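# Coordinates in review
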Amino acid sequence: MFRNAAGRLADAAPGWLVETVRIRPAPPRWWPMLRTALAVVTPLLAGLALGRIALGLLPAMGAMGTALADQGGSYRARVVRMGATALGGAVGFLLGAVARGTGWWAVLVTVAVAVLSALVSTTGAAGSSAGLQLLVMTVLGTGVPLGPPVTGALLFLLGAGWALALALADWPLHPRAPEEAAVIAAYRALGGLVAGRAPGTVAVFDTALRNAYDTVFGARSTSAGTDPWRTRAVALLNQASLVRNALISLDLEGRDPPEGTAAAVEGIAASLAGGGPPPPTPRKGPDSPATRALNSALDGAVELLSGGDPPADGPLYERRGRGERLRQVWERVWSGHLTRVYTVRLALCMGVASAVSELNLVERSYWTTLTVALVLKPDFGSVFARAVQRALGTLAGTVLGTVVLVAVPYGPALLVPVAVFAGLLPYGMQRNWGLMSAFQAPLVLLLVDLLTHGGPRLAEIRLVDTLAGCLIVLLLGYLPWPASWEAPVGPRFADAVSATADYLRHAFDPGHTGRAALRHRVYDALADLRTVFQRAVTEPAVISRRITTWMPAMTALERVADATAATVARTEHGAPPPSDGAVGAAVASLEEVARDVRAGTPPGRPELAEDESLERVNSAVRGLSDTVSGHHAC
């Protein structure tokens, strides 16, 4: 009954609202949840033991921010992101505490830090997390008396160090655990693709494969020399990608995978997970280029598991010098129009929120400023969706917080719900940002109550201040800006078409050593495009209705990429290769589509050369051109 009622309610609600509040399916990850609870509660217990529970607040904040920055990946990537977050928070508190009590100078400091935070956030994942924590702790430093600047910054770093130590607890015993888990996850997703072959399983595998490559390469990027284990891990991922392409090739031939294919892939995953013997590969089924490609890819994976040498022509680790990395960071920070727009929007909203604080228009105005900082983060998703999620999550969280503050007496007993809500934060982040806000709101209320003895009235204050922050973001940081009413789906789509054209240009040249990298670039571009699309559909109907019309074009482009990969798999196992002229004509057609999408004009009919070997690719290119011709509004 309740499920039917929920379904009717979802049907009646606007599409953007359904997408905004949709809870993503995800199993709870118990160790990260327990780790976050331990990280936050331990400093508070230490303060309680010393008779000054407030002394544990800053370390608890440092532990919470650093623990939430742990988004997985290799140990090296996690250390960089968590360490940058800790450093950003400590510097932010230092600046905020120094500016506290200086009147309008504190407003100027907050605006200046907002500009710095926006620029730092564009440097990458670690910079985004560090920039946010820099701004958050600056606001807390100016708004809450938490102690002397230097002492408070050191206490914050102490708590952050505790969270980092918990995150690295497994490293001495299992230094390669993240990379191993990522490779296993890719093969398990591949097993689902073989067994189910339902809509969406290809995207699930592509996401798992991309995550595995990122994890393995992220662990290796600064090491000197070669690492045999990681070389073998990359080779295994390459074989998984070849299996995927062979499966698509089989589908184009109208054939099912040979009997035992699913068991072979599951056996490879089981061998990777448990160290058991590799499975036998299937040898049944009609002989065809696609079947040979599949068997060859599986044989290659089994041979690697049996101790065979990785292929000599596999993609090498890309080592970049420090100068090259700094140059790319500099370009991201200073060359982007969206970066400049975001910086101005953030500075404006933070300035207004800080002025509200200085004028005492709301009771605990630092919550208003914090809401602006947390919501106005476009690299975290749609600003509109985050504002709605923050408001709804805070409303639910304040109800929970009120119940706890009424039912639990002030003192050590409050640490129990603190631990529960802290442990639920990672789970909320997995599912929905609004759900995370619903857990974060009562947690913050309890921490503030430990400092101020504010009682249940804190919940009312928190809700009013949060809604004020969301209103500032929507009225000043969202509605007046033309960029808010556009989603960059069109430009990202054109980028993905260009990447597909680059891959197709060299896909049938066996002497080109970068074919694998070009193929990976295509699927990375498609994954980025899907991410931008999913963010765009949570915007209001005036935007989301226009954006959803890109879905057929995205599907058509994925068919081009898959047809290209599948045709390459067939030609490498006996099928005749296409002529250079036919490939060149298809590439030119794709480049024309990309140019026309960037220009906002419908593409013309593609001029393709007839070639039986390239028939599937040509058909997909025609379908792409026809689909984009019917939709050319960016």
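Just so we're clear, the structure is a prediction, and the values are computed from it rather than from any experiment.

Basis of the calculations
- Residues numbered from 1 in each chain as written.
- Predicted model: local features only at pLDDT ≥ 70, side-chain atom pairs only at ≥ 80, totals over all residues.
- Heavy atoms only, no water.
- Helix = DSSP H or I, 4+ residues; strand = E, 2+ residues; numbered from the N terminus.
- Contact = heavy atoms within 4.5 Å.
- Areas by Shrake-Rupley, 256 points an atom, 1.4 Å probe, with all protein chains shown as cover.
- Polar contact = N/O pair within 3.5 Å; in protein donor to acceptor, adjacent residues only side chain to side chain.
- Expected span 1.5 Å × (residues − 1).
- pLDDT = per-residue confidence, 0-100.
- Buried < 20%, exposed > 50% of the residue type's maximum accessible area, 1.4 Å probe, protein only.
- Axes fitted to C-alpha atoms, helices over the stretch in contact; angles between N-to-C directions.
- Parallel < 35°, antiparallel > 145°, perpendicular 65-115°, else oblique.
- Left-handed = near helix turned anticlockwise from the far one by under 90°.
- Nonpolar A, V, L, I, M, F, W, Y, C, P; charged D, E, K, R; others polar.
- Salt bridge = Lys/Arg side-chain N within 4 Å of Asp/Glu carboxyl O.

## Side note on the overall build of the chain
Helices and strands together make up the secondary structure of the chain, namely 26 helices and 0 strands. A sequence separation of at least 24 residues applies to 78% of the contacts in the chain between residues at least 6 apart. Surface exposure of the chain reaches about 27,800 Å², of which carbon and sulfur atoms provide 63%.

## Quick notes on the side chain of Thr 215
With respect to the element layout, Thr 215 can be found in helix 10 (residues 201-220). Polar side-chain contacts of Thr 215 include one of 2.8 Å to the backbone oxygen of Asn 211.

## Observations concerning helix 19 (residues 433-452)
The end-to-end C-alpha distance of helix 19, which contains 20 residues, comes to 28 Å, matching closely the 28 Å that a straight helix rising 1.5 Å per residue would cover. Directly after helix 19, the chain includes His 453, whose backbone phi takes a positive value near 60 degrees.

## A look at the confidence of the model for the chain
In regions of low pLDDT, the predicted coordinates are not meant to be interpreted in detail. Per-residue pLDDT for the chain has a mean of 80; in total, 84% of the residues score no lower than 70. Per-element confidence in the chain is highest for helix 8 (residues 149-167), whose mean pLDDT is 93, and lowest for helix 1 (residues 2-12), whose mean pLDDT is 42. In the model, residues 1-13 has pLDDT below 50 throughout and makes 2 contacts with residues more than four positions away in sequence or in other chains. With pLDDT under 50 throughout, residues 315-321 is counted as low confidence; its partners more than four residues away or in other chains account for 16 contacts.

## Some thoughts on the side chain of Gln 239
Checked against the element boundaries, Gln 239 lands in helix 11 (residues 228-253). Once residues within four sequence positions are removed from consideration, Gln 239 is found in contact with Tyr 187, Ser 296, Ala 297, Gly 300, Ala 301 and Leu 304.

## A short note on the environment of Val 522
Mapped onto the elements, Val 522 comes out in helix 22 (residues 515-536). Taking the relative accessible area as the measure of exposure, Val 522 reaches 1% and is therefore buried. Taking the C-alpha atoms as reference points, Val 522 and Leu 504, separated by 18 residues in sequence, lie 9.9 Å from one another. Dropping the residues within four chain positions of it, Val 522 is found in contact with Ala 499, Thr 500, Tyr 503 and Ala 561.

## A few points about the packing of helix 24 (residues 551-571) against helix 26 (residues 615-629)
Running from N to C, helix 24 and helix 26 cross one another at 165 degrees; their axes reach a closest spacing of 8 Å. By the angle between their directions, the pair helix 24 and helix 26 is classed as roughly antiparallel. With respect to the hand of their crossing, helix 24 and helix 26 are arranged in left-handed fashion. For the pair formed by helix 24 and helix 26, the contact residues are Pro 552, Ala 553, Ala 556, Leu 557, Arg 559, Val 560, Ala 563, Thr 564 and Thr 567 on the first element and Arg 616, Val 617, Ala 620, Val 621, Gly 623, Leu 624, Thr 627 and Val 628 on the second. Each residue belonging to the contact of helix 24 with helix 26 can be placed in one class, and the counts come to 11 nonpolar, 4 polar and 2 charged.

## Overview of helix 9 (residues 177-195)
Taking 1.5 Å per residue as the helical rise, helix 9 with its 19 residues ought to reach 27 Å, and the 27 Å between its terminal C-alpha atoms agrees with that figure. Within the sequence span of helix 9, burial applies to Pro 178, Glu 179, Ala 182, Val 183, Ile 184, Ala 186, Tyr 187, Ala 189, Leu 190, Gly 191, Leu 193 and Val 194.

## So, the pattern of salt bridges
Where side chains of opposite charge bring their charged atoms close, a pairing between them can arise. Counting across every chain of the model gives 13 salt bridges. A salt bridge links Asp 495 to Arg 598, with the nearest nitrogen and oxygen atoms 3.1 Å apart. Remark: Arg 598 occurs in helix 25 (residues 580-599) and Asp 495 occurs in helix 21 (residues 489-506); sequence separation between them is 103 residues. Between Glu 610 and Arg 622 there is a salt bridge, with its nearest N and O atoms 3.3 Å apart. One end of the pair, Glu 610, is in the loop between helix 25 and helix 26; the other, Arg 622, is in helix 26, and 12 residues separate them in sequence. A relative accessible area of 70% means that Glu 610 is categorised as exposed. Classification of Arg 622 as partly exposed rests on a relative accessible area of 23%. Beyond isolated ion pairs, a larger network of salt bridges with shared partners links Arg 35, Asp 70 and Arg 78.

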